[in-house]
Each structure stands twice: as C-alpha cells, then as structure tokens.
Amino acid sequence: MRPLVTALLVVALGHSPAPQDFSVTLRVDARDTVGPMTPVWAFFGYDEPNYTYMRDGQKLLSELAELSAVAVYIRAHNLLTSGDGTPSLKWGSTNAYTERSDGSPQYDWTIVDRIFDAYIKRKMKPLVEIGFMPEALSTKPQPYRHDWAPGLNYSRIYTGWAHPPKDYNKWRTLVAEWVRHSIERYGRPEVESWYWEVWNEPDIGYWQGTPEEFQKLYDYASDAVKRALPTARVGGPHMTGPNGARTQKLLREFLEHCLRGTNYATGKTGSPLDFVAFHAKGAPRVVDGHVRMGISNQLRAISNGFEIVASFPELRKTPIIIGESDPEGCAACSVRTNPENAYRNGTMYSSYTAAQIARTYELADLHGVNLLGSVTWAFEFEGQPYFAGFRDLATNGIDKPVLNVFRMLGMMRGERLRVESSSAASVQVIRENGVRADPDIYAIAAHSGRDVTVLLWNYHDDDLPAPAAGIAVSIEGMASGRPTVTHYRVDAEHSNAYEAWKKMGAPQQPTAEQYATLERAGKLETLGRPERLTVKDGRLALSVTLPRQAVSLLKIKY
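Draft legend 1. Quick peek at the overall build of the protein chain. Helix and strand content of the protein chain: 13 helices and 24 strands. For the protein chain, whose C-alpha radius of gyration is 24 Å, the value lies close to the compact-globule estimate of 24 Å for 558 residues. By the burial criterion, 60% of the 558 residues in the protein chain qualify as buried. Excluding contacts between residues fewer than 6 apart, the proportion of contacts in the protein chain whose partners are at least 24 apart in sequence is 79%. Just so you have it, the protein chain exposes about 20500 Å², and 49% of that area is on carbon and sulfur atoms.

Draft legend 2. Examining unusual backbone geometry more closely. Geometrically, the link from Gln142 to Pro143 is a cis peptide bond, its omega value of -10° lying close to zero. Checked against the element boundaries, Pro143 lands in the loop between strand 6 (125-130) and helix 4 (168-186). A cis amide bond links Gly236 with the next residue in sequence, Pro237, at an omega value of 10°. Looking at the element boundaries, Pro237 is found in strand 8 (residues 233-239).

Draft legend 3. Structural detail: the nonpolar core. Grouped together as the largest cluster of nonpolar side chains are 173 residues, with contacts concentrated most on Trp171 and Trp196. Ranked by residue count, the leading element in this core is helix 9 (residues 347-367), at ten residues. Among all residues touching Trp196, those that are not within four sequence positions of it are Val128, Ile130, Trp178, Val179, Ser182, Val191, Val225, Ala232, Arg233, Val234, Gly235 and Phe275. Counting nine residues, the second largest nonpolar core, distinct from the first, contains Tyr386, Trp501, Leu518 and Ala521.

Draft legend 4. Local environment of the state of the cysteines. For the structure shown, the criterion picks out one disulfide. Covalent S-S linkage joins Cys330 and Cys333, the inter-sulfur distance amounting to 2.1 Å. In this structure the cystine formed by Cys330 and Cys333 twists about its S-S bond by roughly 75°; its chirality is therefore right-handed. Pair check on accessibility: Cys330 and Cys333 agree, each one buried.

Draft legend 5. Up close: the side chain of Arg431. Mapping Arg431 onto the fold places it in helix 11 (residues 427-433). Of the residues examined, Arg431 reaches a relative accessible area of 16% and is grouped as buried. A polar atom in the side chain of Arg431 sits 3.0 Å from the side chain of Ser303.

Draft legend 6. Structural view of the sheet that holds strand 7 (residues 195-198). Within the closed barrel, the eight strands sit side by side as 2-3-6-7-8-9-12-13. Their pairing is parallel. Going from strand to strand, the sheet's axes swing by 25° on average, the running direction of each strand aside. As paired strands, strand 2 (residues 43-46) and strand 3 (residues 73-76) are joined by four bridges and run parallel to one another. Along strand 3, the bridge assignment pairs Phe44 with Ile74. Here helix 7 (residues 245-260) sits on the sheet in contact with strand 8 and strand 9 (275-281), set at roughly 160° to strand 8.

Draft legend 7. Structural view of the packing of aromatic side chains. Applying the stated criterion across every chain, the model contains 38 aromatic pairs. Residues Trp171 and Trp199 carry aromatic rings whose centres are separated by 6.1 Å and whose planes lie at 70° to one another, so their mutual orientation is edge-to-face. With Trp171 in helix 4 and Trp199 in the loop between strand 7 and helix 6 (211-228), this pair connects stretches of sequence that are 28 residues apart. Just as Trp171 is buried, Trp199 falls in that class too. Judged by centre distance (4.9 Å) and plane angle (85°), the rings of Tyr218 and Phe254 are edge-to-face. On the criterion of sequence distance, the pair formed by Tyr218 in helix 6 and Phe254 in helix 7 is long-range, its members being 36 residues apart. For Tyr218, a relative accessible area of 0% translates into the label buried. Among the aromatic residues, ring-to-ring pairing joins Phe132, Trp148, Tyr154, Tyr158, Trp161, Trp171, Trp199, Tyr206, Trp207, Phe214, Tyr218 and Phe254 into one connected group.

Draft legend 8. Broad picture of helix 3 (residues 110-121). In this model helix 3 runs 16 Å from its N-terminal to its C-terminal C-alpha over twelve residues, within 8% of the 16 Å that 1.5 Å per residue would give. Burial in helix 3 covers these residues: Ile111, Val112, Asp113, Ile115, Phe116, Ala118 and Tyr119. Here the buried face of helix 3 lies against strand 2, helix 2 (55-65), strand 3, strand 6 and helix 4. Of the residues flanking the end of helix 3, it is Lys123, one or two places downstream, whose phi is positive at about 60°.

Draft legend 9. Structural detail: the side chain of Asp29. Looking at where Asp29 falls in the secondary structure, it is placed in strand 1 (residues 20-36). Given a relative accessible area of 10%, Asp29 falls into the buried group. Reaching out from Asp29, the side chain makes a polar contact with the side chain of Arg27 at a distance of 3.4 Å. Among the polar contacts listed, one links the side chain of Asp29 to the backbone nitrogen of Arg31, at a separation of 2.9 Å. With sequence-adjacent residues up to four places away left out, Asp29 is seen in contact with Leu417, Arg418 and Glu476.

Draft legend 10. Structural detail: helix 9. Compared with the 30 Å implied by 1.5 Å per residue over 21 residues, the 30 Å span of helix 9 between its first and last C-alpha is a close match. Judged by how many residues are buried, helix 9 sits mostly within the fold: 19 of 21 residues are covered.

Draft legend 11. Representation of the environment of Lys400. Along the chain, the position of Lys400 falls in the loop between strand 15 (398-399) and helix 10 (401-409). When its relative accessible area of 1% is taken as the criterion, Lys400 is described as buried. It is 48 Å that separates the C-alpha atoms of Lys400 and Gly103, two residues lying 297 residues apart in sequence. Excluding residues within four positions of it along the chain, Lys400 makes contact with Arg344, Asn345, Phe387, Phe390, Asp392, Leu393, Ala394 and Thr395. At a separation of 2.9 Å, a polar atom in the side chain of Lys400 contacts the side chain of Asn345. Looking at Lys400, its side chain comes within polar contact range of the side chain of Asp392, at 2.5 Å.

Here is what the cut-offs are and how they apply
Residues numbered from 1 in each chain as written. Predicted model: local features only at pLDDT ≥ 70, side-chain atom pairs only at ≥ 80, totals over all residues. Heavy atoms only, no water. Helix = DSSP H or I, 4+ residues; strand = E, 2+ residues; numbered from the N terminus. Rg over C-alpha atoms; globule rule 2.2 N^0.38 Å. Buried < 20%, exposed > 50% of the residue type's maximum accessible area, 1.4 Å probe, protein only. Contact = heavy atoms within 4.5 Å. Areas by Shrake-Rupley, 256 points an atom, 1.4 Å probe, with all protein chains shown as cover. Core = buried A, V, L, I, M, F, W, Y, C linked by side-chain atoms within 4.5 Å. Disulfide = S-S within 2.5 Å. Polar contact = N/O pair within 3.5 Å; in protein donor to acceptor, adjacent residues only side chain to side chain. Pairing = 2+ DSSP bridges. Axes fitted to C-alpha atoms, helices over the stretch in contact; angles between N-to-C directions. Phe/Tyr/Trp six-rings, centres within 6.5 Å; stacked < 30°, edge-to-face > 60°. Expected span 1.5 Å × (residues − 1).

See below:
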C-alpha cells in the first residue's frame, strides 16, 4: 500500500506531479493561534475616481464586493478636485466646490454621490480621502489640470490642486458640508462606519505647502469632520514609505502634533487621530534582462512605520491603515515605459502579493501594533489596451491572476495559525535582504471552528524559470473525521487569463467567444475535484507540487 502522503498527491490534487527537485516540509498547528485573521487585505484604492461608475469599473467593484462577507473599503484620490468628471491617467474630478462671483461657496455633490452610490449599493465602505484642493480655493490655481502621461516627468502631475487653501475657514466649511451631506444621503449609522482621512503623501509633491501648513490643513479638516459628526473616525497623514530619515521625521512630528501640539483650528492641545496611515512600496528593477522584485523595500517601510507608531505609548492600540501597499509606486506607469513593471500581468504579482500580505501580518505581530487595513492601490484603467502592464486587478473587464489571490484570502477567517517551513526565512531576514537565494515557500493558515485554510506560495524576487517545489504539508491538531479538501490554484495553467490571452495570439479586439473564454479563465479555479480525506491521529498529510510564483489555497472543511 502506498504511503498516505504519496497517495494524497494523486488523489487529493487530481493530477500527476510535475518535475521537481526542490523538496520542502511545511507544518501547520491548528492548536497554536498567533492572532486574528483580520481582513487587512479588504482595502483597495485608485487615482481615477470617475472610473468607479464606468462599465468595467462597476464590474470590478461588484467582484471586489463578492470577495468575502466582510465589507471592502475603497480609497480614491481626487474626490474634491475641480473638473467636469472626465478621467485620464492619474486624474479625476468631481467639481464639488466652486465659488460664485462674490466669493460665496457653491457645492455640487452630483459626481461624488455617483461614486459613493456605487460603493454603498454593493455594501462597500468609503475610506474617504479629503482632497484635493478645489481650483477656487487653491493659493496657486494655475495651471490646474495636469498634462502628465506615462514616460513624462512625474512631477508634472503636481499642479494647482496640490496647493494649500487660500481660506482655511472655507476649507473647513467645505469638509463639514461634505460630512453633513453624506449623513443626509446615507444615514448617520452608515457614515459612522466610514474612515475619513486628510490628503495624500504630504511629504512629497502632492502637498506644495510646508509641513506646518499640512498640520494646519489636517487640523481644520479633522475639526470639520468631528463638528459635523462627533462619532466619525478621522486620521492620517498618509506619508510615503518611511524608509528615509526625512519621512520618518515628518511622520513623528505629525503624530507628536496630534498628541501634544497646539491645534491650528481650535487653539486647544492635540488633534483628532482615530487611526494612523502611511504608505509602503517595493522597488522592482530589471537585472540581466529579467525583473527582480524589491519586496524588502516594502517590508522595511511597513516595519519602520509600525516601529514609529509603537514608539508612542498613546498609540499602541490605535488602528493603523497602510494607505497604499504595493510592489512599486506608479499604477498608471505601464510596462511600455517602465519595463520593470513587467511583473504585473502574470503570476509574479500573485505570489508577491501573497508573500507580502502574510509578512505584513507578521510585522504587525512583531511590533505589537493594531493593523486594521492594507490598501492595494490597484483597480482598473478604462479604455486601455488589453494586458498593457498597468498595475490593475482587471483589464477591460478580464480579471488578472492577482485578483484570485484576494479571492483566496476572502475564504480565510478566524484565527491565524503558527506555520513552519523548511524553505522560509524569518520576516526580519526578508525585510532586510529580500528573497534572493532559496525561494520563499511558506504559508499563512487560519482556522474558524474546526475548518482550516492554508494559503501557500512559491515566491522568489527574480522572475526566472525554476523547478517546481514538492511540499509535504502536515496539518496537526485537527479534529477527527473526514473533512473535504478543496485545492484552489493560481499558476500558468489555472486562474490565469493572461496566459489564456497569449495562447489566443494576444488579440486586442477579441471576439465575443474569445472574451467569454477569457472571462472564465480569469476566475479562481480548483486543482482537481474536492476530496474527502481522513484525519489520522489528529494529523492531515498532503503533498503539493507548487510551481515557481504559484499560489495555492487548501480549504479543509468538516
């Protein structure tokens, strides 16, 4: 009789093993919890808010809302930016605020409502970004709409919308009117469930004022939110990744101001701070003709941000939202102008995302902070070529492989479990060095009641061919019985519309039949049929053959 592990290799996974010469043992202990499986992944964002209510934007929103029973939060730039609502790359507008000839304010929430209605209809929640500066309020309004395009100097985007207000009281009134309008339209309990945050990345060109002027902007805006709705939750500052000394200093100064500084709006001590937010980005580059990811850069930023927040005793329990957490910094920079972004269409983005999110949980544990959310700054780009290499979750309504990692995460709930692997460095080592030697073959596992989920990946920073790994998975501390094991997979052959599109000849105008095929290929697929397996002596043993940059989810349900 064949050993149990070998038998399950064929029976549970439903296919013959691929060639491999890298063996790994991975152990999960269902009795040893390490913390809650907080749905930190259920946060997404994008620059172009007007895509929200366009055809493919609505389709993707519906798919995000269906990821899990938990509410998905959406953060968008440009919600107060002036303009007619015509989107372009890194641009959007709502024209919420204008002024009459006598300087009195005029509010028009039509486009903002259209955006938020799309969220609320799907039971999603806004992570409301209060920005950017309306043209009529800007101290330097011209030029206002930027003319940036991929390949041009990024600083061209910083135009009149990035400047301080000419009247802080008008700024405060604008924000208060927005909150009041939201309550009137959606109801107080709904708005109380949102998070309000002020501006974006004020340590770089997004803010053309001084750090002190940003603190003033924040004070007036947060005061407005609390005046209109005292139970509202407001926070910031959404600094860029705190890897450099200057950004770390500005983040500390902002937190110090909120805790002990003089409030510019009220004259009192301190400012409202219901959550702390900062960003974190990786740093991919092209090395010897292939993409090498920079996961260590992203993890260092996350770790540094956690360390700074934890250094303030008053903030140890304050929720943290990583307002943008991504492999690099420009979603709208396609592979055409940025070859280092070639990772985005295929499985490299999928495995990176799985590994990064799992390590983010571990860094939160390490620093003892309260991680609430981690925003994936990726959505869709309306009207662009198929698989053009933007950082998006879908292209022309076709889901990319990375979206299926979030579908996997959506099936995980309860408490996280301790995991040990023979091919995984500690989070501290990956934070400092990345994954440059042996691959990171690891997992995040959770249990809810008797059911267990295990998300595995085979990640390496270098996007190069490599043998598959044979993983002997041992899940211990299981309840007796015969649970059903379902194996979901993202790899070159499963849950991968990009590979299906290439096999078609990469059509830019697919036929209706081709489009339907691509839609199906973009959904999450199982590897073989679900199987009922026997737990023996509290242990369930499985073997998984996992290709490089592939991701698997084992769902074990009683």
